[in-house]
Amino acid sequence: MTQEERQELMGIVRELSYEEREVTLASGRKSNFYFDGKQTTLHAKGGLLVGKAFWQEVKAFGGKIDGVGGLTLGADPIATATSIAACLEGEQVHAFIIRKEPKGHGTGQWLEGRKNLPPGSRVVIVEDVTTTGGSSMKAVRRAQEEGLEVLGIVTLVDREEGARENIEGAGQQLRAVFTRTQVVG
């Protein structure tokens with residue numbers, strides 16, 4: 001990813017995903033600003049740039065990476081875009097989706113894309129926005145319960161409200177494409 005592409009992605013995040021308004025976050029906290037990462041990850045150029053940016057961050061974990069994924073819905077377009085970006089560089093990094101509850105019929109599985117990722121596969125959890133890291137750690141635990149080796153977490157935007165401390169305190173590494181400070185000053 002070039003510096004120009006990174007700046008373009010930041011502009012898309014700033015324009016489409018950042019809002020100043022009162023919201024209740026997934027953590028239950030109240031906030032006067034909001035990042036809706038899906039507005040960027042589902043945008044044509046935004047999705048392309050997200051894939052490139054995440055692939056760059058995922059490669060930083062080193063060694064063979066077998067998969068990228070996380071909790072549905074925020075992680076879904078990121079995992080797919082990252083998998084495609086990796087494939088364009090000749091790497092086979094499969095996307096996977098972790099359900100919020102097990103499938104109610106058929107196999108009752110938690111993880112979609114299972115056949116591409118046998119037990120012991122090395123994976124990275126992806127997330128659109130982190131606040132406290134609770135959702136990311138839920139994805140880590142579920143992936144580990146499915147027999148995957150989690151190398152760390154990559155987020156599009158770290159809101160800088162405790163996610164890094166909580167995630168690293170739990171023994172995982174967090175890499176952020178952007179921090180709130182970088183996006184909005």
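The structure under discussion appears in the preceding block.
Counting from 1, residues in each chain are numbered in the order their sequence is written. Residues qualify for local features only when their pLDDT is at least 70, as the model is predicted, and side-chain atom pairs are given and counted only at 80 or more; totals for whole chains, interfaces and linings, by contrast, use all residues. As a rule here, side-chain values cover all heavy atoms of the structure and leave hydrogens and water aside.

J.: How should the sheet that holds strand 5 (residues 67–71) be read in this particular structure?
T.: The strands making up a sheet associate through backbone hydrogen bonding, with each pair oriented either parallel or antiparallel. Each pair of strands is called paired provided DSSP finds at least two bridges between the two strands. Elements are defined by DSSP. Helices are runs of H or I of four residues or more, strands are runs of E of two residues or more, and each kind is numbered from the N terminus. Pairing within the open sheet is mixed, and its six strands lie in the order 7-6-5-8-9-10. This sheet does not close on itself; its edge strands, each paired only once, are strand 7 (111–112) and strand 10 (174–179). Relative to strand 10, strand 9 (residues 149–158) runs parallel, the two being bridged by five bridges. Across the sheet, Thr 155 pairs through a bridge with Ala 176, a residue of strand 10. Two residues form a contact once any of their heavy atoms are found within 4.5 Å. Inter-axis angles, ranging from 0 to 180 degrees, are taken between N-to-C directions of lines fitted to C-alpha atoms, where helices are fitted over the stretch in contact. The strands touched by helix 3 (residues 44–59) within the sheet are strand 5, strand 8 (122–130), strand 9 and strand 10, with strand 9 carrying the most contacts at an inclination of about 135°. Sitting on the sheet, helix 4 (residues 76–88) is in contact with strand 5, strand 6 (94–98) and strand 8, with an inclination near 170° to strand 6.

J.: Whenever I open this one, helix 5 (residues 134–145) confuses me. Can you help?
T.: For a helix, the expected span equals 1.5 Å multiplied by the number of residues minus one. For helix 5, built from 12 residues, the straight-helix expectation of 16 Å at 1.5 Å per residue is met to within 8% by its first-to-last C-alpha distance of 17 Å. The cut-offs for exposure are 20% and 50% of the maximum accessible area for each residue type, with area from a 1.4 Å probe on protein chains only; residues under the lower value are buried, those over the upper are exposed, and the others partly exposed. When we look at burial in helix 5, the residues that qualify are Ser 136, Met 137, Ala 139, Val 140, Arg 142 and Ala 143. Against the buried residues of helix 5 lie strand 5, strand 6, strand 8, strand 9 and helix 6 (163–169). At the C-terminal side of helix 5, Gly 147 shows a positive phi close to 90°.

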